[in-house]
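Residues per chain, in single letters:
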Amino acid sequence: MNDSDMTGRVVIVTGGAGAVGSTVSKRWLDAGARVLIVDHRQSTIDEWKARYLQDSYSGRVATFATDVSNEAGAKGMVEMAENAFGQPPDTLIHLVGGFGMAKVEDETAPQTWERMMAINLHSSFHCYRAILPSMRSRGGGWIVGLSSRVADKPGAGISAYGASKAGLVALTSSLSAEVRRDGIHVNLIVASTIDTEANRRDMGEDKAKDWVTPEDIADATMYLCSGHARSVYGATLEVFANA
């Protein structure tokens, strides 16, 4: 697809220096947006800079290392975007997430449950809540989250992961109903396995041809935050490739 001109947009990409977020952040910068790249680790941000930063992004890219699974981190992220670009953010691409396995009776199950809820669900709640005042001040905005196909029917050992991603589906639907009349679009990408180095290592190179690519996720974010999706609210966009 051809990217729309996103000049004038102030975008926050959480997990923006990660395996998927790196591609998404670059796509938005290439489209002319001003982008705050948020990641939990400064070292990951530094790696992104070394690989992707270019002169054409001057004045349009900022970075922030913080934990967005709590209220303080999420509010700090929004404040950083406004301070960096002199305008409140109007777009949030929330890609922070993680995967963990444990059967319910495993000794590690409580820790896995808390971690999955914090990374996948609490982070979404706090980031969405933190950015809404900025979006209202700009007369509307766009929020896109990332869930998983397994949210619908998780298999053995991934109850915590599945529950956290299913919770994100519910959050999207409810929040959209609350804010759509304010011109705020809240939508969700539901993906199957994404082609990352970690997944290739854990699941095998031969399967990767059927997986969703980071470019596919970037395409989906550009669509959901464009005028082409002006009537799309509270949707779950399935991006499954051939998996």
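Structure report, in brief.

What counts as what
- Residues numbered from 1 in each chain as written.
- Predicted model: local features only at pLDDT ≥ 70, side-chain atom pairs only at ≥ 80, totals over all residues.
- Heavy atoms only, no water.
- Pairing = 2+ DSSP bridges.
- Helix = DSSP H or I, 4+ residues; strand = E, 2+ residues; numbered from the N terminus.
- Axes fitted to C-alpha atoms, helices over the stretch in contact; angles between N-to-C directions.
- Contact = heavy atoms within 4.5 Å.
- Buried < 20%, exposed > 50% of the residue type's maximum accessible area, 1.4 Å probe, protein only.
- Core = buried A, V, L, I, M, F, W, Y, C linked by side-chain atoms within 4.5 Å.

Some words on the sheet that holds strand 2 (residues 34–39)
The seven strands lie next to each other as 3-2-1-4-5-6-7, forming an open sheet whose pairing is parallel. This sheet does not close on itself; its edge strands, each paired only once, are strand 3 (61–65) and strand 7 (236–239). Each strand of the sheet is rotated relative to its neighbour by a mean of 20 degrees, with strand direction disregarded. Here helix 3 (residues 71–85) sits on the sheet and contacts strand 1 (10–14), strand 2, strand 3 and strand 4 (91–94); the angle it forms with strand 3, its principal contact strand, is near 155 degrees.

Description of helix 1 (residues 21–30)
It helps to recall that an α-helix has 3.6 residues per turn; residues three or four apart then point in one direction. In terms of residue burial, helix 1 counts as a mostly covered element, since eight of its ten residues are buried. Of the residues one or two after helix 1, G32 is the one with positive phi, at around 100 degrees.

Let's talk about the nonpolar core
Formed by 33 residues in total, the largest nonpolar core has its most connected members in V24, W28, V35, I93, I189 and I217. Top contributing element to this core by residue count: helix 7 (residues 214–224), with five residues. If we skip the residues at most four places from it in the chain, W28 touches M6, R9, V11, A33, V35, T91, I93, T221, M222 and C225. The next biggest cluster of nonpolar side chains, apart from the first, holds 30 residues, and it includes I12, V78, L92 and I143.

Notes on the environment of F64
Residue position: F64 is located in strand 3. Put simply, F64 and Q42 are 22 residues apart on the chain and 7.8 Å apart in space, counted from C-alpha to C-alpha. Ignoring sequence-local partners within four residues, the contact set of F64 consists of L36, I37, V38, D39, I45, G73, G76, M77 and M80.

Remember, this is a structural readout, not a statement about activity or role.
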